[in-house]
Amino acid sequence: MTANERAVGGSDRRKRRAKKQGRAGHEPQPTESPSERELAAGERGRVVAHHGVAVLVRFDAGGERQIWLTPEQRAVAGDLVVVVGDRLIVLPATGILRRMDARGRERTIAVNLDLLGIVIALDPREPPGYIDRGFLIARSAGIEPIVILNKTDLAGAGELARRLDEIYGESAPVLRVCAKTSEGIAAIPEALAGGKLGALVGPSGVGKSSLLNALVPDLDLRVSELNRGSHKGRHTTTTATVHDLSGGGLLIDTAGFKDFIAADVEPGEAAIFFPGFEGLLKDGCRFRDCLHRSEPGCGVLAALSSGQIPETRHRAYLQILDELAAPKKGRR
Ligand code: GDP
Ligand code: ZN
């Protein structure tokens, strides 16, 4: 929890946070809560792949096994579990990454994430506001964002890297990598050292798969292994897979997760988590729920008029606020 987050506090925020951390859309888990004895007797592990009707669990003690889900049971990649016989007990999760599906329903893609790598490139460029929304989604879910500029071999990438440093350098690490030559990619496992779980998101074509292939040498092998184990006769899709990296980190391959469609972010969260505003909020705004629009005594607006933050950043923030305030398509 950051100082800023603490400063805002308030019961509404706590309620919302509780709702988020309560796996909304992931519940209910109708099974009775497991007893201490059951938990102690089971094998602990993590869900490393999801096949619709079953999950692949990698056990802490070694080995992997496919476990069927009961019809009501929900589990996703990253879930920490205890397996008792054939029964799966899903432990409470944090660091929840969601997206909106085609029908406008929120879907959980992965949980227990520590780090979200927002991958971008000079070509194709991301839509306006993409990185900022990534920061907001990550931070509001308690996940640490980092910026990963891929394709540093492209002419002009250096200039983009400098601009990214300028905008985001104070807020998060800005990694420069090249999947093609492997230059700089070691920084990704380093950021995940000590068993952290990370995911890469980014627009289609920026090189997420290429980075994964460069970081997980046996990826093809692993993918074909998983397919063989999947349930036949039913349409199943692997939505995400957890890969072990050398150095102890874990990286989730979030196949098909192209955009941050689920803006599971409240305007008040945008106001405290927007990248670049962190330092300005230390001395604070007069109002605890200040949205930095036109409120008197606003620290962000003061920084804007003194030239401490560029107008482009405040405009980018207002644009996102407007998007968040607009009615969400298909949400109900
Ligand atoms: P994804 O959609 O984000 O998974 O992107 P892919 O990994 O499929 O890559 C999209 C395209 O970018 C492919 O043609 C890759 O060969 C290319 N690409 C990926 N990484 C690099 C890189 O570091 N440099 C260059 N020049 N091209 C890259
Ligand atoms: Zn303010």
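Residues numbered from 1 in each chain as written. Chains lettered and ligands numbered in written order. Predicted model: local features only at pLDDT ≥ 70, side-chain atom pairs only at ≥ 80, totals over all residues. Heavy atoms only, no water.

What follows covers the coordination of the zinc ion (ligand 2). Around the zinc ion (ligand 2), the donor atoms from the protein are Cys285 (SG), Cys290 (SG), His292 (ND1) and Cys298 (SG), and they sit 2.1 to 2.4 Å away. Here the donor residues for the zinc ion (ligand 2) map to a single chain with the spacing C-x4-C-x1-H-x5-C. The two residues Cys285 and His292 agree in class, both being buried. (Donors = N, O, S within 2.8 Å, 3.2 Å for Na, K, Ca; no water. Buried < 20%, exposed > 50% of the residue type's maximum accessible area, 1.4 Å probe, protein only.)

It is worth spelling out the pattern of salt bridges at this point. Using the criterion set out here, one finds 14 salt bridges in the structure. The salt bridge partner of Asp322 is Arg293, with a shortest N-O separation of 3.3 Å. One end of the pair, Asp322, is in helix H11 (residues 311-325); the other, Arg293, is in the loop between helix H9 (267-273) and helix H10 (299-305), and 29 residues separate them in sequence. The exposure class assigned to Asp322 is partly exposed, which follows from its relative accessible area of 45%. (Salt bridge = Lys/Arg side-chain N within 4 Å of Asp/Glu carboxyl O. Helix = DSSP H or I, 4+ residues; strand = E, 2+ residues; numbered from the N terminus.)

Moving on: the nonpolar core. By size, the foremost hydrophobic cluster in this structure holds 54 residues, and its most contacted members are Leu113, Leu116, Ile131, Leu164, Ile252 and Phe277. Among the elements that line this core, the one with the most residues is helix H4 (residues 130-140), at six residues. Residues in contact with Ile131, not counting those within four places in the same chain, are Ile118, Ile120, Glu126, Val147, Leu164 and Tyr168. Membership of the second largest hydrophobic core comes to 20 residues, among which are Leu200, Leu212, Leu215 and Leu245. (Core = buried A, V, L, I, M, F, W, Y, C linked by side-chain atoms within 4.5 Å. Contact = heavy atoms within 4.5 Å.)

The next subject is the environment of Cys285. Note on placement: Cys285 falls in the loop between H9 and H10. Excluding anything up to four places from it in sequence, Cys285 contacts Cys290, His292, Gly297, Cys298, Gly299 and Val300.

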